[in-house]
Amino acid sequence: MSLRPAQPVIYMVNCQSAALTSMRPLLEASGRPVCDVTDTDAFSRDVLSHRTVRECDTVILDLDGGQTPIYRFLNLVMSESERPQILLMTGDGNPVGTADSFQQDRLHILQHPASPRHLLD
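Remember, it's a predicted structure, so these values are computed and weren't measured experimentally.

Conventions and cut-offs
- Residues numbered from 1 in each chain as written.
- Predicted model: local features only at pLDDT ≥ 70, side-chain atom pairs only at ≥ 80, totals over all residues.
- Heavy atoms only, no water.
- Axes fitted to C-alpha atoms, helices over the stretch in contact; angles between N-to-C directions.
- Helix = DSSP H or I, 4+ residues; strand = E, 2+ residues; numbered from the N terminus.
- Parallel < 35°, antiparallel > 145°, perpendicular 65-115°, else oblique.
- Contact = heavy atoms within 4.5 Å.
- Core = buried A, V, L, I, M, F, W, Y, C linked by side-chain atoms within 4.5 Å.
- Buried < 20%, exposed > 50% of the residue type's maximum accessible area, 1.4 Å probe, protein only.
- Salt bridge = Lys/Arg side-chain N within 4 Å of Asp/Glu carboxyl O.
- Pairing = 2+ DSSP bridges.

Can you help me understand the packing of helix 2 (residues 40-49) against helix 3 (residues 68-78) in this one?
How two helices sit against one another is set out by the angle between their axes and by the gap between those axes. At a minimum axis separation of 9 Å, helix 2 and helix 3 run at an interaxial angle of 10°. Looking at the two axes, helix 2 sits roughly parallel to helix 3. Counted together, Thr 40, Asp 41, Phe 43, Ser 44, Val 47 and Leu 48 of helix 2 and Pro 69, Ile 70, Arg 72, Phe 73, Leu 76 and Val 77 of helix 3 form the full contact between these two elements.

Encoded structure:
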């Protein structure tokens, strides 16, 4: 008998965000487990120590709130070679835009409002 690998988990940082709240049902309906992250600093430690969050997982960050812990988390994990995929949600007034480029193939940027197709991709 062979074991199936665990399904990737989607972690939503800044889960009070209206955009992330509206996306949650879509992500859950697609069969993906979704977890809210309320303590960004503790979550950063989990990512860096590889305790809970795996490379196959995805972290969604809504930058619209402009909260310092979110940017601190992003700065910490950007230099990690083994880290989950990161999806940045941005609005018109954010310092990161869809035209910005990063030397990271595991970082994606979506502008509000994102279409369901782009979100699931």
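Before we go on, may I ask you to explain the nonpolar core in this structure?
If you look at the biggest cluster of nonpolar residues, it comprises 19 residues, and the most contacted ones within it are Phe 43, Leu 61 and Leu 88. Per-element accounting of this core gives the leading share, five residues, to helix 3. Apart from the residues within four sequence positions on either side, Phe 43 is in contact with Tyr 11, Val 13, Val 37, Val 53, Val 59 and Phe 73. Among the nonpolar cores identified, the runner-up in size contains eleven residues, and Met 12, Ala 19, Leu 20 and Leu 110 belong to it.

Where do I start with the pattern of salt bridges in this structure?
Where charged atoms from two side chains of opposite charge approach closely, those side chains can pair. The final tally for this structure, using the stated rule, is four salt bridges. Across the pair Asp 36 and Arg 24 runs a salt bridge, and its minimum N-O distance is 2.4 Å. Here the residue Asp 36 occupies a position in strand 2 (residues 34-37), and Arg 24 occupies one in helix 1 (residues 18-29), the gap between them amounting to twelve residues. Owing to a relative accessible area of 42%, Asp 36 belongs among the partly exposed residues under this scheme. For the salt bridge of Asp 41 with Arg 72, the shortest nitrogen-to-oxygen distance reads 3.2 Å. Note that Asp 41 is positioned in helix 2 and Arg 72 in helix 3, a separation of 31 residues in sequence. Taken together, the salt bridges that share partners define one network made up of Arg 24, Glu 28 and Asp 36.

Explain the sheet that holds strand 2 here, please?
Read across the sheet, five strands follow the order 2-1-3-4-5 without closing on themselves; strand pairing throughout is parallel. In this open sheet, the two edge strands, each paired with only one partner strand, are strand 2 and strand 5 (107-111). With direction set aside, neighbouring strand axes in the sheet form an average angle of 20°. Pairing analysis gives four bridges linking strand 1 (residues 10-13) to strand 3 (residues 58-62), with the strands arranged parallel. What sits directly across from Ile 10, in strand 3, is Thr 58. Across the sheet, helix 1 is in contact with strand 1, strand 2, strand 3 and strand 4 (85-90); its angle to strand 1 comes to roughly 170°.

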